[in-house]
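Structural features, examined
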Amino acid sequence: MSWTPGVTPRISTHLDPRLLLAFVTVAEELHFTRAAARLYVAQQALSRDVRRLERELGAELFLRTTRQVTLTADGERLVPYARRVLGAQEELLAAFRQGRPLLVDLNSPGLGTGRRVLHRARELAPEQELMARYESGLAGAAGELLAGRLDVSFGRFAGLDPVLRAGLDHQLVRYEPMAVLLPEGHRLASLAEVPVDALAGEAVYAGAGNPRTSEWTDLARRLFEGRDIEVAAPAPMAVGEEEFERVMAKTGTPILAVVDFPAMPRAVLRPLVDPVPLSAVSLVWRKGLVHPGFDALRRAAVEIGNADGWLRRPVNGWIPAIDVDMLKRGK
């Protein structure tokens with residue numbers, strides 16, 4: 001790493017222990033791919049954390065070539081300090097864990113992505129208590145996360161207000177294909193797949209008027225823009241699956257959904273194509289969260305994502321430009 005000669009670098013007064021863990025793991029492996037596998041993170045994310053630590057310390061920690069990774073003198077000097085900090089953190093956590101449950105918001109009981117990750121995390125850490133909660137949408141959960149009344153949630157991070165995002169962190173879990181839920185008698189219900197443009201002239205329900213799901217409504221507006229598709233007017237606020245089904249059946253309005261949306265009576269779920277719209281689902285938590293159940297949750301997300309190809313975007317996949325930019329920047 002380099003800086004202007006004669007200028008003293010501004011060293012951060014606060015270091016995220018996650019950055020030290022990334023550094024120590026790379027220092028032990030001297031290989032970014034193996035270190036990323038140990039931490040259950042993407043190699044790109046690990047490299048980004050190491051670069052951030054180097055910026056905050058104002059020092060180059062590793063020498064990287066195409067063939068090997070070695071510690072610099074500053075890197076060697078940092079190793080014992082970093083290990084002591086991480087050890088002290090582990091002692092502190094052990095003193096205060098006392099079995100506190102991790103509160104995991106799954107948005108809605110029927111949605112599969114968060115539920116699968118939670119179930120796998122429970123298998124990975126059976127000694128931990130991971131409790132499910134249901135806050136309807138990420139926008140609704142964000143305030144609860146920041147207040148400490150929830151620990152983690154799932155949803156589209158880019159759709160949150162920047163003020164909320166500033167206190168949160170996220171890990172991309174899945175590019176989830178989107179779908180449309182149609183009344184049985186709808187003109188498109190006989191199709192196996194519904195081209196997005198075939199919805200022209202329709203008003204499609206996407207949670208408009210519900211402040212708890214505003215990130216989903218924003219995604220719908222970006223998808224429908226320029227396609228002559230309207231976001232349906234707000235429906236009466238329905239609490240619970242049974243009430244939601246009743247209200248939607250009464251209005252007969254198509255519903256923007258995801259491919260694993262739960263079945264509803266007298267309705268059919270059809271994947272959207274041409275393009276395949278994707279919802280970038282992230283695991284979201286308040287900055288600074290430390291909990292062994294949370295570590296298991298992150299590992300579970302990476303494990304399932306790798307096994308099921310959750311992070312592979314189809315050639316004709318679509319996500320909003322704001323999401324693409326945020327995911328590239330990791331913010």
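First things first, this report covers the structure right here in the doc. (Residues numbered from 1 in each chain as written. Predicted model: local features only at pLDDT ≥ 70, side-chain atom pairs only at ≥ 80, totals over all residues. Heavy atoms only, no water.)

Let us now look at the overall build of the protein. Across its full length, the protein carries 11 helices and 13 strands. Overall size of the protein, expressed as C-alpha extent along the three principal axes, is 70 × 45 × 35 Å. For the protein, the residues scored as buried account for 46% of the 331 residues in total. For the protein, the share of sequence-separated contacts (at least 6 apart) that also reach a separation of at least 24 residues comes to 74%. Taken as a whole, the protein presents about 17000 Å² of accessible surface, with 53% of it coming from carbon and sulfur. (Helix = DSSP H or I, 4+ residues; strand = E, 2+ residues; numbered from the N terminus. Buried < 20%, exposed > 50% of the residue type's maximum accessible area, 1.4 Å probe, protein only. Contact = heavy atoms within 4.5 Å. Areas by Shrake-Rupley, 256 points an atom, 1.4 Å probe, with all protein chains shown as cover.)

Considering all chains together, one arrives at 24 salt bridges under this definition. A salt bridge links Glu 28 to Arg 38, with the nearest nitrogen and oxygen atoms 2.9 Å apart. Placement of the pair is Glu 28 in helix H1 (residues 17–29) and Arg 38 in helix H2 (residues 32–39), with a sequence separation of 10 residues. According to the relative accessible area criterion, Glu 28 is partly exposed, its value standing at 39%. For Asp 218, the salt bridge is made with Arg 156, and the minimal N-O distance between the two is 2.9 Å. Here the residue Asp 218 occupies a position in helix H8 (residues 214–224), and Arg 156 occupies one in the loop between strand S5 (152–155) and helix H7 (162–165), the gap between them amounting to 62 residues. Assessed through its relative accessible area of 22%, Asp 218 is described here as partly exposed. Since its relative accessible area comes to 3%, Arg 156 is described here as buried. (Salt bridge = Lys/Arg side-chain N within 4 Å of Asp/Glu carboxyl O.)

The description of two helices packed together rests on the angle between their axes and the distance between the axes. Running from amino to carboxyl end, H2 crosses helix H3 (residues 43–57) at an angle of 100°, the nearest separation of the two axes being 9 Å. By the angle class used here, H2 and H3 are roughly perpendicular. In contact with Phe 32, Thr 33, Ala 35, Ala 36 and Leu 39 of H2, H3 contributes Gln 43, Leu 46, Ser 47 and Val 50. For the contact of H2 with H3, the residue count by class is six nonpolar, three polar and no charged. (Axes fitted to C-alpha atoms, helices over the stretch in contact; angles between N-to-C directions. Parallel < 35°, antiparallel > 145°, perpendicular 65-115°, else oblique. Nonpolar A, V, L, I, M, F, W, Y, C, P; charged D, E, K, R; others polar.)

Let's shift gears to the side chain of Arg 298. By the element assignment, Arg 298 lies in helix H10 (residues 292–308). In this structure, Arg 298 is buried with no salt-bridge partner, the nearest side chain bearing the opposite charge being Asp 295 at 6.1 Å. If we skip the residues at most four places from it in the chain, Arg 298 touches Arg 18, Tyr 40, Val 41, Gln 171, Leu 283 and Trp 285. (Lys, Arg positive; Asp, Glu negative; His and termini not counted.)

The final tally for this structure, using the stated rule, is one cavity of 30 Å³ or more. Roughly 60 Å³ of internal volume is contained in the largest cavity. In this structure, the largest cavity is lined by Arg 156, Phe 157, Ala 158, His 170, Leu 172, Ala 280, Ser 282, Asp 323, Met 326 and Leu 327. Those elements giving two or more residues to the lining of the largest cavity turn out to be strand S6 (168–183), strand S12 (276–286) and helix H11 (321–329). It is H11 that provides the largest number of residues to the lining of the largest cavity, a total of three residues. (1 Å grid on protein atoms, 1.4 Å probe; cavity = no way out; pocket = protein on both sides within 12 Å on 5 of 7 lines; lining within 4 Å. Points joined across faces, edges and corners; volume = space filled by probe spheres on them.)

The next thing to look at is the packing of aromatic side chains. Any aromatic ring pair is given by two values, namely how distant the centres are and how the planes are angled relative to each other. Under the criterion given, the structure shown has three aromatic pairs. Centroid distance Phe 32 to Phe 62: 6.1 Å. Interplanar angle 70°. Geometry classified as edge-to-face. Taken together, the residues span a long stretch of sequence, with Phe 32 in helix H2 and Phe 62 in strand S1 (residues 62–64) at a distance of 30 residues. Given the relative accessible area of 10%, Phe 32 is considered buried. Through pairs of rings, three or more aromatic residues link up here, namely Phe 23, Phe 32 and Phe 62. Over the ring of Tyr 81 we find Arg 84, and its NZ or CZ is 4.9 Å from the ring centre. (Phe/Tyr/Trp six-rings, centres within 6.5 Å; stacked < 30°, edge-to-face > 60°. Lys NZ or Arg CZ within 6 Å of the ring centre and 35° of its normal.)

In contact at an axis separation of 9 Å, H1 and H3 are set at 110° when each is read in the N-to-C sense. In terms of orientation, H1 and H3 fall into the roughly perpendicular class. Each of Arg 18, Leu 19, Leu 20, Ala 22, Phe 23 and Val 26 in H1 lies in contact with H3, whose residues at this interface are Leu 46, Asp 49, Val 50, Arg 52, Leu 53 and Glu 56. The class makeup of the residues in the contact of H1 with H3 is eight nonpolar, no polar and four charged.

What is shown is where atoms sit, not what they do.
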